[in-house]
Amino acid sequence: MIRALVVEKDEESGKTSAAVREIEESDLPDGEVTVAVEYSTLNYKDGLCIGPGGGLVRSYPHVPGIDFAGTVESSSDDRYKPGDKVVLTGWRVGEAHWGGYAEKARVRADWLVPLPEGLDTRQAMAVGTAGFTAMLGVMALERHGLAPGQGPVLVTGASGGVGSVATAILGRLGHEVAAVTGRPESADYLRSLGATQIVARADLAETTKRPLEAETWSGCVDAVGGPMLARVLGQMKYGASVAAVGLAGGAELPAKVVPFLLRGVNLLGIDSVMQPYENRLEAWQRIARDLPMEKLEDMVRPARLSDLPQLGADILKGQVQGRVVVDLT
Ligand code: NDP
C-alpha cells in the first residue's frame, strides 16, 4: 500500500476534501517510470489542487503535488533504471496527472530529469518549481548578453520563492543584485542571500507618465508583473533584458512600447511547465553548480503529508513563508 494525500469531490455539493489515505500501486496512473518519492514541496498551484481545484484538476479522486524528487523503482524506458535519482517539475503533473504527494508516483519518462551530481532529493525540493524557474530566468538573461560587471540586476518579489533563489544565484555569479521587497524586515535576509542593494517596493509601485527614466538595471528577473514591470521596463539600460516570470502584482501590463523602440529593451517570457528537456537538464545542472544551497537552508520548513490540507489553505491566503519541503521518506 502507498500513503498518499487524496483529494475527493462530492459531486452533489461540488466541495472537495483532502485526507491522507492508503492507495494500491495498481491505482497509480499509466506511465513508464515508477518513482519512490522522497520529497515534494508546496506551491500556490498545489494550494489550489489540494483545495478548490481552480480549474486545474481534471478528475477526482486526485493526488496533488506539482513537483517531486525521488528514486526510480522500476522503468520500462531505457533512459532510467532502478536506483536512479530523478526530479520532476511541470508537465501538469499534480494537476491533470497524479503528482508527488504520495510515497510513489508513476509518470512518463519524458517528464523526468536525472538529479544532477551535487544535489540531493531534499535540496531539489527546497529549490522546487520556484527555484527552477528562477534559474530559467537567469539563463534567459545570460543568453541575451547579461554578464557580471554590467551594473545592478533587479529582482522583484525578492523575498518570495522565485525572487530569493534568483537573488542567491545572481549573487553567486558575481552580479550586483538590487532586491525589490515590500517587507523591510526581509532586508538582512536578502543581503545574506547576495543582494547588494535593497529597493523598497513602494519606490517602484507608482506609475509614471515618463516612458523612459534613468538607465539603471542591466537585467531583471521579474516575479511581480503588473504596473511594477511596466515601470521597470523604462529603467532598463540600453539593450538589457527582463525575464518575465510571475504575476504576484498583477497580470495587466500597463506599459508603453517606447523602451523597446528607443532602448532596445527585451522582454523575455519564462515558462517552467512545458520547458524542453535540454533546457531543464541545463537548469538543474546550473542549480547544482551556481546556487549556494546553504543559504536556502534557513528558508526550509519541513512538513508531512498530514500537514498539507492546512498548508494548502494557508498558501492560498498568502500565509506560508519559506520553502515547504514535504518529507515522504
Ligand atoms: P511567492 O508568493 O513566494 O513570492 C511572490 C513575491 O512577490 C512576494 O514574496 C512579495 O515579495 C512579492 N509580492 C507579492 N504581492 C505583491 C504585489 N502586490 N506587488 C508587488 N510585489 C508583490 O511566489 P513565487 O516566488 O513562488 O512565485 C512568483 C510568481 O511567479 C507567481 O506569480 C507565480 O505564479 C509565478 N511563477 C511562474 C512560473 C512560470 O512558469 N512562469 C513558475 C513558478 C511561479 P516581497 O515580500 O519581497 O515584496
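Residues numbered from 1 in each chain as written. Predicted model: local features only at pLDDT ≥ 70, side-chain atom pairs only at ≥ 80, totals over all residues.

1. Observations concerning the overall build of the protein
No. 1: Check the secondary structure of the protein and you find 10 helices and 15 strands.
No. 2: Compactness check: the protein gives a C-alpha radius of gyration of 20 Å against a globular reference of 20 Å for 329 residues, within 12% of the reference.
No. 3: Taking the principal axes of its C-alpha atoms as reference, the protein extends roughly 60 × 45 × 35 Å.
No. 4: Buried residues in the protein amount to 46% of all 329 residues. (Helix = DSSP H or I, 4+ residues; strand = E, 2+ residues; numbered from the N terminus. Rg over C-alpha atoms; globule rule 2.2 N^0.38 Å. Buried ≥ 20, exposed ≤ 12 C-beta atoms within 10 Å, placed from the backbone.)

2. So, the packing of helix H2 (residues 121-143) against helix H8 (residues 277-290)
No. 1: Packing of H2 against H8 brings their axes to within 9 Å, and their N-to-C directions diverge by 100 degrees. If you check the angle between H2 and H8, you find them roughly perpendicular. Contacts between H2 and H8 involve Val127, Gly131, Phe132, Met135, Leu136 and Met139 on the former and, on the latter, Asn279, Glu282, Ala283, Arg286 and Ile287.
No. 2: Partitioning the contact of H2 with H8 into residue classes produces 7 nonpolar, 2 polar and 2 charged. (Axes fitted to C-alpha atoms, helices over the stretch in contact; angles between N-to-C directions. Parallel < 35°, antiparallel > 145°, perpendicular 65-115°, else oblique. Contact = placed C-beta atoms within 7 Å. Nonpolar A, V, L, I, M, F, W, Y, C, P; charged D, E, K, R; others polar.)

3. Points about the environment of Leu112
No. 1: Tracing the backbone through its elements, the reader meets Leu112 in the loop between strand E6 (104-107) and strand E7 (113-114).
No. 2: Measuring from C-alpha to C-alpha, the distance between Leu112 and Arg79 comes to 9.8 Å, with 33 residues separating the pair along the chain.
No. 3: With residues near it in sequence (within four places) discarded, Leu112 still touches Val33, Tyr80, Val86, Leu88 and Val107.

4. A short note on the domain arrangement of the protein
No. 1: According to the domain assignment, the protein contains domain 1 (2-115 + 299-327) and domain 2 (127-269).
No. 2: Placing a centre on the C-alpha atoms of domain 1 and another on those of domain 2 gives a separation of 31 Å.
No. 3: Tallying the contact residues gives 8 residues for domain 1 and 6 residues for domain 2.
No. 4: Class assignment of the residues belonging to the side of domain 1 that touches domain 2 gives a composition of 2 nonpolar, 4 polar and 2 charged. (Domains from an automatic or database assignment.)

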